[in-house]
There are 2 protein chains.
Amino acid sequence: MRIESAAIPSAPDLLLADWARTMRRSVLRQMIAVVSQPGVLSFAGGLPAADLFPAADYAQAVAYVLESDPRALQYSPPYPPLKAHISHLMAQRGVTCAAEDIFITTGAQQALNVLAQMLLNRGGQVVLEEIVYTGIQQVVAPMQPEILTVPTDLETGMDVDAVAALLAGGARPAFIYVIPEAHNPLGVSLSVEKRYRLVELARHYQTPIVEDDAYGFLIYGSDRQNGRLPQRQPLRALEPDWVFYVGSFSKILAPALRLGWMAAPRALTPKLTVVKEAGDLETSALTQRAVARYLDEGLLPDHVAHLRQAYQQRRDMMLAALELYFPREARWTKPDAGMFIWVEFPSDVDCIRLLDAAVATEHVAYIPGHAFAAPGVDASHCLRLSFSNCPPDQIADGIRRLARVLC
Amino acid sequence: MRIESAAIPSAPDLLLADWARTMRRSVLRQMIAVVSQPGVLSFAGGLPAADLFPAADYAQAVAYVLESDPRALQYSPPYPPLKAHISHLMAQRGVTCAAEDIFITTGAQQALNVLAQMLLNRGGQVVLEEIVYTGIQQVVAPMQPEILTVPTDLETGMDVDAVAALLAGGARPAFIYVIPEAHNPLGVSLSVEKRYRLVELARHYQTPIVEDDAYGFLIYGSDRQNGRLPQRQPLRALEPDWVFYVGSFSKILAPALRLGWMAAPRALTPKLTVVKEAGDLETSALTQRAVARYLDEGLLPDHVAHLRQAYQQRRDMMLAALELYFPREARWTKPDAGMFIWVEFPSDVDCIRLLDAAVATEHVAYIPGHAFAAPGVDASHCLRLSFSNCPPDQIADGIRRLARVLC
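Quick notes on the rules
Residues numbered from 1 in each chain as written. Chains lettered and ligands numbered in written order. Predicted model: local features only at pLDDT ≥ 70, side-chain atom pairs only at ≥ 80, totals over all residues. Least-squares fit on C-alpha atoms with pLDDT ≥ 70 in both. Contact = placed C-beta atoms within 7 Å. Helix = DSSP H or I, 4+ residues; strand = E, 2+ residues; numbered from the N terminus. Expected span 1.5 Å × (residues − 1). Buried ≥ 20, exposed ≤ 12 C-beta atoms within 10 Å, placed from the backbone. Arc of directions from axis to C-beta. Axes fitted to C-alpha atoms, helices over the stretch in contact; angles between N-to-C directions. Parallel < 35°, antiparallel > 145°, perpendicular 65-115°, else oblique. Nonpolar A, V, L, I, M, F, W, Y, C, P; charged D, E, K, R; others polar. Domains from an automatic or database assignment. Core = buried A, V, L, I, M, F, W, Y, C linked by C-beta atoms within 7 Å.

## Observations concerning the relation of the copies chain A and chain B
So, point 1. Between the two copies, chain A and chain B, the superposition gives an RMSD of 0.0 Å; the rotation angle is 180 degrees and the shift along the axis is 0.0 Å. The superposition of one copy onto the other is thereby described by a two-fold rotation axis.
So, point 2. The residues that chain A uses at the interface reappear at the interface of chain B in 100% of cases, marking a shared surface.

## Quick word on the interface of chain A and chain B
So, point 1. If you look at the interface, chain A gives 65 residues, while chain B gives 65 residues.
So, point 2. Looking at the side of chain A that touches chain B, the elements with two or more residues in it are helix H1 (18–21), helix H3 (55–68), helix H5 (107–119), helix H6 (134–140), helix H10 (269–280) and helix H11 (285–296) of chain A.

## What about H3(A)?
Residue and element names in this part refer to chain A.
So, point 1. With 14 residues, H3 extends 20 Å between its outermost C-alpha atoms, agreeing within 8% with the 20 Å of an ideal straight helix rising 1.5 Å per residue.
So, point 2. For H3, the complete set of buried residues consists of Ala-55, Tyr-58, Ala-59, Ala-61, Val-62, Val-65 and Leu-66. Looking down the long axis of H3, one finds its buried residues gathered within 160 degrees of arc, a one-sided arrangement. For H3, the exposed residues set more than 90 degrees away from the buried face come down to Ala-56, Glu-67 and Ser-68.

## Some details on the environment of A:Cys390
All names here are of chain A.
So, point 1. For Cys-390, the location among the structural elements is in the loop between strand S15 (382–386) and helix H14 (392–406).
So, point 2. What makes Cys-390 buried here is the crowd of 20 C-beta atoms within 10 Å.
So, point 3. A C-alpha to C-alpha distance of 7.6 Å links Cys-390 and Leu-41, two positions 349 residues apart in sequence.
So, point 4. Cys-390 has contacts with Leu-41, Phe-43, Arg-314, Ile-395 and Gly-398, leaving out every residue within four places of it along the chain.

## Notes on the packing of H3(A) against helix H3 (residues 55–68) of chain B
So, point 1. At a minimum axis distance of 10 Å, the contact between H3(A) and H3(B) shows a crossing angle of 180 degrees. Judged by the inter-axis angle, H3(A) sits roughly antiparallel to H3(B). From H3(A), A:Ala55, A:Tyr58, A:Ala59, A:Val62, A:Ala63, A:Leu66 and A:Glu67 reach across to H3(B), where they touch B:Ala55, B:Tyr58, B:Ala59, B:Val62, B:Ala63, B:Leu66 and B:Glu67.
So, point 2. For the contact of H3(A) with H3(B), a count of residues per class yields 12 nonpolar, no polar and 2 charged.

## With respect to the environment of B:Leu402
Residue and element names in this part refer to chain B.
So, point 1. Considering the arrangement of structural elements, one finds Leu-402 in helix H14 (residues 392–406).
So, point 2. According to the C-beta neighbour criterion, Leu-402 is buried, with 25 such atoms within 10 Å.
So, point 3. With 47 residues separating them along the chain, Leu-402 and Leu-355 place their C-alpha atoms 9.4 Å apart.
So, point 4. When sequence neighbours within four positions are dropped, the list of residues in contact with Leu-402 reads Ala-358, Glu-362, Val-364 and Tyr-366.

## Thoughts on the domain arrangement of chain A
Residue and element names in this part refer to chain A.
So, point 1. Split into domains, chain A comes out as domain 1 (18–53 + 302–406) and domain 2 (78–281).
So, point 2. Between the C-alpha centres of domain 1 and domain 2 there is a distance of 24 Å.
So, point 3. Counting residues at the interface gives 32 residues for domain 1, matched by 30 residues for domain 2.
So, point 4. Of all the secondary-structure elements, those providing two or more residues to the side of domain 1 that touches domain 2 are helix H12 (300–325) and strand S12 (340–344).

## Quick look at unusual backbone geometry
Residue and element names in this part refer to chain A.
So, point 1. A cis geometry characterises the amide bond from Asn-184 onward to Pro-185, with omega recorded as 15 degrees.
So, point 2. Locating Pro-185 in the fold gives a position in the loop between strand S7 (175–178) and helix H8 (192–205).
So, point 3. Phi at Arg-258 is positive, roughly 50 degrees, even though this residue is not glycine.
So, point 4. Relative to the assigned elements, Arg-258 resides in the loop between strand S9 (243–248) and strand S10 (260–263).

## Some remarks on the nonpolar core
So, point 1. In terms of nonpolar packing, the biggest core is built from 281 residues, with A:Ile209, A:Val291, A:Tyr366, B:Ile209, B:Val291 and B:Tyr366 touching the most fellow members.
So, point 2. If we skip the residues at most four places from it in the chain, A:Tyr366 touches A:Phe43, A:Ala44, A:Leu355, A:Ala358, A:Leu383, A:Arg384, A:Leu385 and A:Leu402.

Below, the structure written as C-alpha cells:
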C-alpha cells in the first residue's frame, strides 16, 4: 500500500486560498482508516486503551453536573475549578503555575494550533524533529513555513547540538517543537541533560519552545516514588518564560472529551483568547464541569496508576516479543512511558510496501515511518508500533506474525 | 463604559506573528463579561434560554451511549448516524443533501473558521454587512483581509444591490458572509426576493456564499404549517454549488455541546478534513453519539416547537414594551425568528456612554451597537437587545427602566 502525501484535487471552478490548493492529506489518518479492518490486529492507531476508559465514573460526573449546574449547557467562560485542578496536576509534574496561567483548549491539538497562529508568520521558520508528530505539521502548513529539521537519538531524544547549530548559524525560528516525554512516534524521552541545554538555548536566543506533554503523565513507575517528583521534569519546570507547555486529558482520561490546556505567559492570555475564540468560541462548559467533577471525586490518581501498570505490561510483552522474533539488524526504542515503540530496519526494508502483506496475509497492522517524516526525510525503513490498545494476550503472536513479513 | 477594540499589548521580548501583534480584543466578549453582574437584568448576552435546556434528556442520552458504546470515549471518525440525522434536519429546512455531504464541526464557529482558512488568502477580499456577527470578524482577522461592507435594510436584510455593485465594480471576494435568518445582531431575515438575487450573483460571479443558519430552526410558527415547508428557504436550497451552509445545535439544543456542521461541495471534504484536523483533530465522539441518541429518541421536534413558542412569547413582550416605553424617534426590528432585536436611536444618542448608567442605575444591560460594527462603521447610536434568556415577567419592566436612561 503506497499512500503518499498526495495533493488533493480541488472542486471545479472554486478558487481556494493559495495554501489550500496545494494542501496535502494526512498520510497517518488515511492509513489508520485503511488498516482498521475487522479481524486485523492493529498496532497502528495511536489509541489509548478503550477497555480502560473510566466510562461509568465519567457518566456519573456528567449526570451530576447536568442535574446540579444550570450553566453546564450554556455558553460560559473557562471554568475556574478545572483550572485549579490542572494547576495541581501540573505541580505533580514539577511545574509551578497558578490556576490563572492555565488556558483551557479543545484538546492539545487546539493548543498547538493557537500557539502556531500566534507565533508563526507566513514563510517563517520552525524547528521540528525529522520524525515528528503529524499534527504539528498540519498546524503549521497554512503558514507555509521553512521547516528546519534536527535528528533524534533513539535513546536520548532530540539532537540539541543540531538545534544549537541552527540557532548559532542564524536561524530564528518562531518556535522549537518538542515532545520531551514518550515522543510520538519514537517513544523516546529527552535526557535530563538535554532538557537543561535546550531551555538554555531558548533563553539565550529568546526562542519559544512548544512543549507537547501529551504523554507526560504516563511515565511508568512514577507513582511508586512515594511522593517524590520524578527526576525528569517538563521543560516548563526549568524555564517558565520561554516554554509554552501543552497538556491533554486525551491519554489519561479519554480522547473524546477533546479537553486539553496550555501553560503560557499570563500576559499572552488576551491574545490566546482571541485566537481560540476565532477557532471554536470556547471549550464545552459541560465537559469542563464534568471533568472537574471527576477530579473532585479524587478518582484520577488511581486511574492513572492503573493505566501506567497496564501500559507497562503491554510494553513489556511487546519488547519481549521483539527480542524474540525481530532480527538483530533491526533497532527499536525501549520507552519507559507512553504508548509507542519505533523500529528501524536496515535501509533496504520497505515498510510501506510490506504493510499490504502484513494486513492481507498476517492480519496485523502498523504505521510505516514515512507517515511521520518531515519533508525530505526518508523513513521508509521504519515503522511505529502502538501497544496501548491491544489485548495483552495477542501482542506476542502479533509481533511473531509481523516478523514473518518484515524480517 | 467605553470598551474599545483596543490592541492588546504583547508579552515582553516575545516576537509574535505580524497579525498577532496588532490583534484586537472582541469588544462583545469583553462587554458581556463586564455586564454579567448579579442583580443586573441582562438583555446583553446572545444566550439561549437556560431554563429550556433539555438537561435531563441529554443526561439520559449520554448515560446510554457511555454504557452501550465502547467507542464513545475513543478517537473516532465523524459518526455516520449523526450525519444522517442532520441530513434529515436539513430536509426540513428545504435543503436536499446526502448524509455524506454533512461535515461535522466543533460548533458553527469552527465551520466558519475552516471555510475562511480554505477560501481566503492573506490580504484577500470578503463581503460583510456593516453590522455583522463578531465571530466572522475574528475568523478572518489573521488573513488581514480587505473587508468590503454592504448596508442592511432592517426589514428585508442585506443590501443585495450593494453586493451587485461591488461585484460589477470588479471586487472578487473570497466569499460573501450572510445570516439570512434572524440576523445576529439585527434580528432581520433576508426577503425571499433578495435570496434569489443573491444566489444568482454567486453563480454569475462564481463567488461562494457562506450562509450562517444558526437561527434557521427558530422561525416562529414554522411548526404550525402542517408539514409544508416555510416559504423562506435557506440559500443552500436555492444554490447547492456556491452556497456553503453552516448549521449549529447551539441554539436548538445547547451551546455547551459545541456541535455544528456544514454542507459544502463533497469534492471539498478531503480539504475541509485537513483544515479541521489541524484545528482540533476531531469533534467529540461522545457528543456526536449522545446527540444522535437524543435525536433517535425523537425528542427534538417537540423541544424546538417549545423553544419557538417561548421565544415568540418573549419577543412579543419585548416588542410591546418597546412600543410603550421607547420614543417615536427610535426604530427597531420586528424579528419573526431567533433571539435578537436591534434598536436605532437618533445619531446623538450615545449607547456606549449610556451603558454605564443603565447598568449602575437601572440594573439592566444591553450590547451597544459598535460591538458589531465592521471597521469604519459608526453604530454608537444603536444597540442589541436579546430576549431569549430573560424571565418573561421581567422583560417589560426592564425595557421601562432602559427607556429612563436612553430616551
